[in-house]
Amino acid sequence: KQGCVFEDIPPPEINECQEILCKPQTGWIVSELPDALCDDNDACTEDKCDPETGCVSIEIPAPEFNKCQEVECDPRTGWEVRALPEDECDDGNACTDDRCDDEQGCVYEKSPEPENNNKCKYLICDPDNGWEEFDNEPCNDDNACTVDRCDEDEGCVFEAIEEPETERCVKWTCDKDNGPEFVDQPCKFIVECDYDDQNCRRDQREFLEEEVEQDFISLVREIFPNNGLATYVSGSLSYGSGTEENANPFFSIQINNHDAAELIDDDMLKEATTKIREFFGFDSDREIQLDVFKSGDGGKRIVDVKFNF
């Protein structure tokens, strides 16, 4: 006869996520393992216990982000979403404006040309340096008789070379191919000029007295017509207080009318100067001088036509 027999109760079946403990008072106790036992200390994984395999660490999927962001998982803190670095979209081209679009990502647009208010400059964009300013080609109208320059507001400006003062026996001319030059020229109406003293008076006077006088008187009568003016032109040249050797000759036009002062105006004198200059073939008005003055107490007016020989 054996008496009391005490046999161990076999433990129940458990899975990889359980543990058992037998207490004399209660018997076998099955309890679930705490999750902390499967913690791999990696914030980028989700840790759990699989009944069949035990602890399993599953990578946590990255959160959503746009094309101007980047994500990174730090084992200590988990997933982080942050903006791309500022130079991420830099294409190294100074002629583009670089930016990031949330949907498209990096976008490269041509840099707009800056405003250029200087008509003497032009702009070019260099990939290394960006927009740069350069001088336009020099203004040139292929005319040697103009001064060519560039004005910031107007652009190319071509100004005629100013004619200098010259002696009576020298003429200034300008050829568009060869430029300005000074050439000797004979005095008016004679074969050659006395270049030593620039004096042509004697021969000029002889010409006036012998060849031109009567025709000139007719011309003056046309210039100052007898439309209310009683016009008389003296029949010979005068030399003022000088002599024929040292004074310039002149014609005197005497107008006998009380209204002459009003009828002889600046426009009439200007027109007369032009016609007289053309009559003698002079190059400029400075070879002729017209003066008007009152004669006596009456209404007479004297117009002196002086020849600056």
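Every chain's residues receive numbers from 1 upward, in the order its sequence appears when written. Residue-level local features of this predicted model are given only where pLDDT is at least 70; pairs of side-chain atoms are given and counted only at 80 or more, and the full residue set underlies all totals for whole chains, interfaces and linings. Excluded from the side-chain calculation are hydrogens and water; included are all heavy atoms of the structure.

Caption draft 1: Geometry of the environment of Asp 40. Helix and strand labels come from DSSP, where a helix needs a run of H or I of at least four residues and a strand needs a run of E of at least two; each type is numbered from the N terminus. Here Asp 40 shows up in the loop between strand 2 (27–32) and strand 3 (45–50). The cut-offs for exposure are 20% and 50% of the maximum accessible area for each residue type, with area from a 1.4 Å probe on protein chains only; residues under the lower value are buried, those over the upper are exposed, and the others partly exposed. Residue Asp 40 is classed as partly exposed on the basis of its relative accessible area of 33%. For the pair Asp 40 and Cys 55, spaced 15 residues apart in the sequence, the C-alpha separation amounts to 9.3 Å. Excluding its chain neighbours within four sequence positions, the residues that come into contact with Asp 40 are Thr 45, Asp 47 and Ser 57. Polar contact is defined as a pair of N or O atoms within 3.5 Å, subject to the rule that within protein one atom must be able to donate a hydrogen and the other to accept it, and that residues adjacent in sequence are counted only when both atoms are side-chain atoms. Within the structure, the side chain of Asp 40 is placed 3.0 Å from the backbone nitrogen of Asp 42, a separation counted as a polar contact. Contacts are assigned to residue pairs that have any heavy atoms within 4.5 Å of one another.

Caption draft 2: Up close: the state of the cysteines. For the purposes of this analysis, a disulfide is any pair of cysteine sulfur atoms at a distance within 2.5 Å. A complete count under the given rule lists 9 disulfides for this structure. Note on cysteine connectivity: Cys 68 is disulfide-linked to Cys 100, with sulfurs 2.1 Å apart. The chirality of the disulfide connecting Cys 68 with Cys 100 is left-handed, given an S-S dihedral of about -110 degrees. A residue pair is termed long-range when its members are at least 10 positions apart, and Cys 68 in the loop between strand 4 (54–59) and strand 5 (69–74) and Cys 100 in strand 7 (residues 96–101) qualify at 32 residues. Overall, Cys 68 belongs to the buried group, its relative accessible area being 11%. With its sulfur 2.0 Å from that of its partner, Cys 95 forms a disulfide with Cys 125. In this structure, the disulfide formed by Cys 95 and Cys 125 twists by about -115 degrees around the S-S bond and is classed as left-handed. Pair noted here: Cys 95 is in the loop between strand 6 (78–83) and strand 7 and Cys 125 is in strand 9 (residues 121–126), with a separation of 30 residues, a long-range link. Overall, Cys 95 belongs to the buried group, its relative accessible area being 12%.

Caption draft 3: Representation of the pairing of strand 5. Note on pairing: two strands pair once DSSP finds at least 2 bridges between them. Sheet topology note: the strand 5/strand 6 ladder contains 6 bridges and is antiparallel. Paired with Cys 73 across the bridge in strand 6 is Trp 79. Counted along the chain from strand 5 to the antiparallel partner strand 6, the turn is 3 residues long.

Caption draft 4: Expanded view of the pattern of salt bridges. Criterion for a salt bridge: a side-chain nitrogen of Lys or Arg within 4 Å of a carboxyl oxygen of Asp or Glu. Per the stated rule, a full pass over the model turns up 9 salt bridges. One salt bridge connects Arg 82 with Glu 80, and the closest N-O pair in it is separated by 3.7 Å. In this structure Glu 80 comes out as partly exposed when scored by relative accessible area, which is 36%. Its salt-bridge partner being Asp 135, residue Lys 121 comes within 2.2 Å of it at the nearest N-O pair. Pair noted here: Lys 121 is in strand 9 and Asp 135 is in strand 10 (residues 130–135), with a separation of 14 residues, a long-range link. Its relative accessible area of 25% is what places Lys 121 among the partly exposed residues.

Caption draft 5: Expanded view of the environment of Asp 98. Locating Asp 98 in the fold gives a position in strand 7. Beyond its immediate stretch of four places on either side in the chain, Asp 98 contacts Cys 89, Asp 90, Asp 91, Val 107 and Tyr 108. Polar side-chain contacts of Asp 98 include one of 3.4 Å to the backbone nitrogen of Asp 91. For Asp 98, the side chain forms a polar contact with the side chain of Thr 96, separated by 2.8 Å.

Caption draft 6: Seen up close, the side chain of Asp 74. Within the secondary structure, Asp 74 sits in strand 5. Given the relative accessible area of 19%, Asp 74 is considered buried. In this structure the side chain of Asp 74 is engaged in a polar contact, spanning 2.8 Å, whose partner is the backbone nitrogen of Arg 76. Residue contacts for Asp 74: discarding those within four places in its chain leaves Ala 43, Cys 44 and Glu 80.

Caption draft 7: Layout of a negative patch on the surface. Where like charges cluster on the molecular surface, the negative patch consists of Glu 86, Asp 87, Glu 88, Asp 90 and Asp 91. Examined against the element boundaries, Glu 86 turns out to sit in the loop between strand 6 and strand 7. The class for Glu 86 is exposed, based on a relative accessible area of 84%. Without a salt bridge and with relative accessible area above 30%, a residue can belong to a patch; like charges are then joined within 9 Å and nonpolar side chains (Val, Leu, Ile, Met, Phe, Trp, Tyr) within 5 Å. Areas reported as accessible are Shrake-Rupley estimates using a 1.4 Å probe. Residue values count occlusion only from the protein chains shown. Positive charge is attributed to Lys and Arg, negative charge to Asp and Glu, and no charge count is given to His or to the chain ends. Charged groups are reduced to one reference atom each: NZ for lysine, CZ for arginine, CG for aspartic acid, CD for glutamic acid.

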